[in-house]
Amino acid sequence: MLDFSSFFCGNLKNRMAIFLCFLFLIISSATGCDRCVHRSKAAYFSKASALSTGACGYGSMAIGFNSGHLAAGVSSLYKDGAGCGACFQIRCKNTTLCSSRGTRVIVTDLNRNNQTDFVLSSRAFMAMANKGMGLGILKHGILDVEYKRVPCEYKNQNLAVRVEESSKKPNYLAIKLLYQGGQTEVVAMDVAKVGSSNWGFMSRNHGAVWDTDRVPAGALQFRFVITAGFDGKWIWAQNVLPEAWKPGMTYDSGVQITDIAQEGCSDCDDGSWK
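Remember, predicted model here, so these are calculated numbers, not experimental data.

Chemist: Where do I start with the confidence of the model for the protein in this structure?
Modeler: Detailed reading of predicted coordinates is not advised where the pLDDT is low. In this model, the protein carries a mean pLDDT of 85, and residues with pLDDT of at least 70 account for 79%. A low-confidence stretch, residues 1-15 stays under pLDDT 50, and its non-local contacts, those more than four residues away or across chains, total 27 contacts. Within the model, the stretch residues 17-31 combines pLDDT values under 50 with 20 contacts to residues more than four positions away or in other chains.

Below you can see the structure in the form of structure tokens.
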């Protein structure tokens, strides 16, 4: 685990280092609790496609995520795009209609309506119901729920990098991160030519999409700063894009992210969530 305070704050040589030092100070003072059980309300969209075209930028690919169990989260969960791809377990509190296990969803969009913390795909909404009550639960429209963040699991699936169609050699590269496992958020990203230590920072364009207009020539490697609870560290993907990378193609990063948040909270899982 990298010691952010000594590494970044002691090496303020460029804009990226200054940014990450400032970021460390924010992270180290945070009091968030991803693993706590929260109580709110959830509504649903009648079509999952409404969530796939949302703020995270996953597009039609989102329909294939998590068997279509998708969600739009409020700004505190969307986190300016850092919350894209996060997984949550949600269950409704109406025990007549709903099971105790609930359903697991993945965040693919921003919910701009603060009346509910989540807007679910209809498939995810129905999955909260007891057997045979899926259609009945839809009639309620909005339900009282409780939820907690859980690790995303992609067995035998590495973090993937999709080159966006807007990318144009040699001056512009936009990539989308897919299959981000664990209970983490990517908060910064660098790119360099394979074999080079001359790293250049990338910016979050929106959601899960990062870009740069300073594209190194040749095959490309990436490194990511991820946070999990109060911890932060580098993830290094050493050889991701070939020299002949193409827009629209998805490339295996060769790494898996499995880190789990380690913070405590006053309202934690009571053990009834299985």
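Chemist: What's the story with the nonpolar core in this structure? I'm lost.
Modeler: Nonpolar side chains in soluble globular proteins tend to end up buried together. Residues L173, I175, F222, F224 and L241 are the most contacted members of the largest nonpolar core, which totals 24 residues. Not counting the four nearest positions on each side in its chain, I175 is found in contact with V161, R162, V163, E164, M189, M202, A208, V209, W210 and F222. Counting 23 residues, the second-largest nonpolar core is a separate cluster that includes A129, I137, L143 and Y147.

Chemist: I keep staring at the state of the cysteines and nothing clicks. Help me out?
Modeler: By definition, a disulfide links the sulfur atoms of two cysteines through a covalent bond. Evaluation of the coordinates by the stated rule reveals 3 disulfides. With its sulfur 2.1 Å from that of its partner, C56 forms a disulfide with C84. When the S-S torsion is -90°, as for the bridge of C56 with C84, the disulfide is left-handed. Of this pair, C56 sits in the loop between α3 (49-52) and β2 (70-73) while C84 sits in the loop between α4 (75-78) and β3 (87-92), and the two are 28 residues apart along the sequence. Looking at C84, the relative accessible area reads 5%, which means it is buried. Put simply, C87 and C152 are joined by a disulfide, and their sulfur atoms are 2.0 Å apart. With the S-S dihedral at roughly 115°, the linkage between C87 and C152 falls on the right-handed side. Of this pair, C87 sits in strand β3 while C152 sits in the loop between β6 (143-150) and β7 (160-163), and the two are 65 residues apart along the sequence. Judged by its relative accessible area of 6%, C87 is buried.

Chemist: What is the right way to look at the side chain of E164 in this model?
Modeler: Mapped onto the elements of the fold, E164 is located in the loop between β7 and β8 (173-178). Among the polar contacts listed, one links the side chain of E164 to the side chain of R162, at a separation of 3.0 Å. Not counting residues within four places of it along the chain, the set of residues in contact with E164 comprises G57, A174, I175, K176, V209, P247 and G248.

Calculation criteria
Residues numbered from 1 in each chain as written. Predicted model: local features only at pLDDT ≥ 70, side-chain atom pairs only at ≥ 80, totals over all residues. Heavy atoms only, no water. pLDDT = per-residue confidence, 0-100. Contact = heavy atoms within 4.5 Å. Core = buried A, V, L, I, M, F, W, Y, C linked by side-chain atoms within 4.5 Å. Buried < 20%, exposed > 50% of the residue type's maximum accessible area, 1.4 Å probe, protein only. Disulfide = S-S within 2.5 Å. Helix = DSSP H or I, 4+ residues; strand = E, 2+ residues; numbered from the N terminus. Polar contact = N/O pair within 3.5 Å; in protein donor to acceptor, adjacent residues only side chain to side chain.

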